[in-house]
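# Descriptive analysis of the structure
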Amino acid sequence: MDWKLCPKFLIFWWIQILMPLLGSISMVLQTNLYAAQYKAASGQAIKPHNLLADWHDVNTQEIKIASQFKCGETKSRYLITFSLAPYFSEMMLEKGKSSDEYVLLFDESLNNKTQMMQLDFHIRYWHGNIVKTRFLTMEFMGHATAVDLQEKSETVFSDLNLKTSSLVQISIDSPAVNLKLLEHINSDMVENHGVGLLRVGSCGLHVVHNAFRSGCEASKWDIESFLASAYTLFKDRPARREDFVTVTGSTILPAKFCTHRWLENKSVATRAIEMIGDLKKFVKAAVDKHVTLPRNKSFDIVKTGTGVLSTPLLACRLAFFCSVASILEPFLQWPVYWNLF
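### Details of the overall build of the protein chain
- In terms of helices and strands, the protein chain carries 11 helices and four strands.
- A burial count over the protein chain gives 35% of its 341 residues as buried.
- Here the protein chain displays about 20200 Å² of accessible surface, and carbon together with sulfur accounts for 58% of that area.

### Looking at helix α7 (residues 223-234)
- Taking 1.5 Å of rise per residue, the 12 residues of α7 would be expected to cover 16 Å, and the 18 Å separating its terminal C-alpha atoms lies within 8% of that figure.
- Where α7 is concerned, the buried positions are I223, F226, L227, S229, A230, L233 and F234. Viewed along the axis of α7, the buried residues span an arc of 165°, placing them on a single side of the element.
- Among the structural elements, α8 (238-248), α9 (266-287), α10 (297-305) and α11 (314-328) are those in contact with the buried residues of α7.
- Directly beyond the C-terminal end of α7, a positive phi value near 60° is found at D236.

### Side note on the packing of aromatic side chains
- This structure, assessed with the given rule, holds seven aromatic pairs.
- Seen in terms of ring centroids, F234 and F244 are 5.1 Å apart; in terms of plane orientation they differ by 65°. Their pairing is edge-to-face. Linking F234 in helix α7 with F244 in helix α8, this pair joins segments that are 10 residues apart in sequence. Each member of the pair, F234 as well as F244, is classed as buried.
- Taken together, the aromatic side chains of F234, F244 and F282 make up a single cluster linked through ring pairs.

### What about the sheet that holds strand β3 (residues 130-141)?
- Taken in spatial order, the four strands of this open sheet run β3-β2-β1-β4, and their pairing is mixed. Where the open sheet ends on each side, the last strands, each with one partner, are β3 and β4 (167-171). Each strand axis lies, on average, 20° off the axis of its neighbour in the sheet, ignoring direction.
- When strand β1 (residues 102-111) meets β4, the two strands line up parallel, connected through four bridges. Following the sheet pairing, V103 is matched in β4 by Q169.

### A closer look at the side chain of S166
- Structurally, S166 is set in the loop between α4 (146-159) and β4.
- With residues up to four places along the chain from it excluded, the contact list for S166 reads S99, D100, E101 and Y102.

### Looking at the pattern of salt bridges
- Evaluation of the coordinates by the stated rule reveals four salt bridges.
- A salt bridge links D236 to K235; the nearest nitrogen and oxygen atoms lie 2.9 Å apart.
- D236 gets classed as exposed once you look at its relative accessible area, which sits at 56%.
- The class of K235 is partly exposed, set by a relative accessible area of 34%.
- Salt-bridge contacts for E264 lead to R261; the nearest nitrogen and oxygen are separated by 3.7 Å.

Cut-offs and rules
- Residues numbered from 1 in each chain as written.
- Predicted model: local features only at pLDDT ≥ 70, side-chain atom pairs only at ≥ 80, totals over all residues.
- Heavy atoms only, no water.
- Helix = DSSP H or I, 4+ residues; strand = E, 2+ residues; numbered from the N terminus.
- Buried < 20%, exposed > 50% of the residue type's maximum accessible area, 1.4 Å probe, protein only.
- Areas by Shrake-Rupley, 256 points an atom, 1.4 Å probe, with all protein chains shown as cover.
- Expected span 1.5 Å × (residues − 1).
- Arc of directions from axis to C-beta.
- Contact = heavy atoms within 4.5 Å.
- Phe/Tyr/Trp six-rings, centres within 6.5 Å; stacked < 30°, edge-to-face > 60°.
- Pairing = 2+ DSSP bridges.
- Axes fitted to C-alpha atoms, helices over the stretch in contact; angles between N-to-C directions.
- Salt bridge = Lys/Arg side-chain N within 4 Å of Asp/Glu carboxyl O.

Distances and angles like these do not, on their own, reveal function.
Written out as structure tokens, the structure reads:
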């Protein structure tokens, strides 16, 4: 035997033995990564049991191999934290960098666990014809003045290699210290790039919400009073509810009007449109003394103030309210709320 060929022979022999074993291990690891991703994405609790227990409809050879491996809670957390999270974070960051324009969002709040200020950064960017917003990173600090926030922001730009020239807007949560930070960053943008940031107010949610509310109030239709009164009329009134069901044959009652989140009242107005006929029946029955006549302000508003007997255009007004709200509401819903700017 030519001993010079022996090392090559041994290498070939070990490859023949190890390759199937390595292939099985690879399939086990890959499938457990998929399972950990599935658990994380679905929000399910990670418990020390087989992560593939929910995959009843998969019968491939890879799943059969992986199903023999029990992935405990600790290992699952390691897979998510040190394997999946860095991969998706890097992939997201590359997409953000490739975008010609992006928005940086941040919010600072007290972290009760560490007893430090936690500064969260998000990035919003175009991906095709869709605006996406993703968590970027976080920083911890003691003091949270405008200068401190600016230093942390510059650290994020530097560490993540983000192009400040592509920054379109800073989305903030309205405290005065953040407004001062906005002025600092805007000044730097003008000095270094000759163009400032897009200025639409301190918080996009409040800007859109307040614009919608102001428009409703300017119409003088007083839709708020009608929707709130319709709900209050039957709230905590079991006898009156029973009278309503007896007169109308319907068990559907007015929904609650939220006075501090107007755009979320589209469903409330939609319910009211569906109930206009039943409300008219109830009001007429109460006036004719077929049921107990409510003697309160809510009933007066529903009856003659801005309600079912005051104008034949009530349904049209509510429909217009819903139409405008349906245009603006998606921008304020999570996760689509972050797509506003």
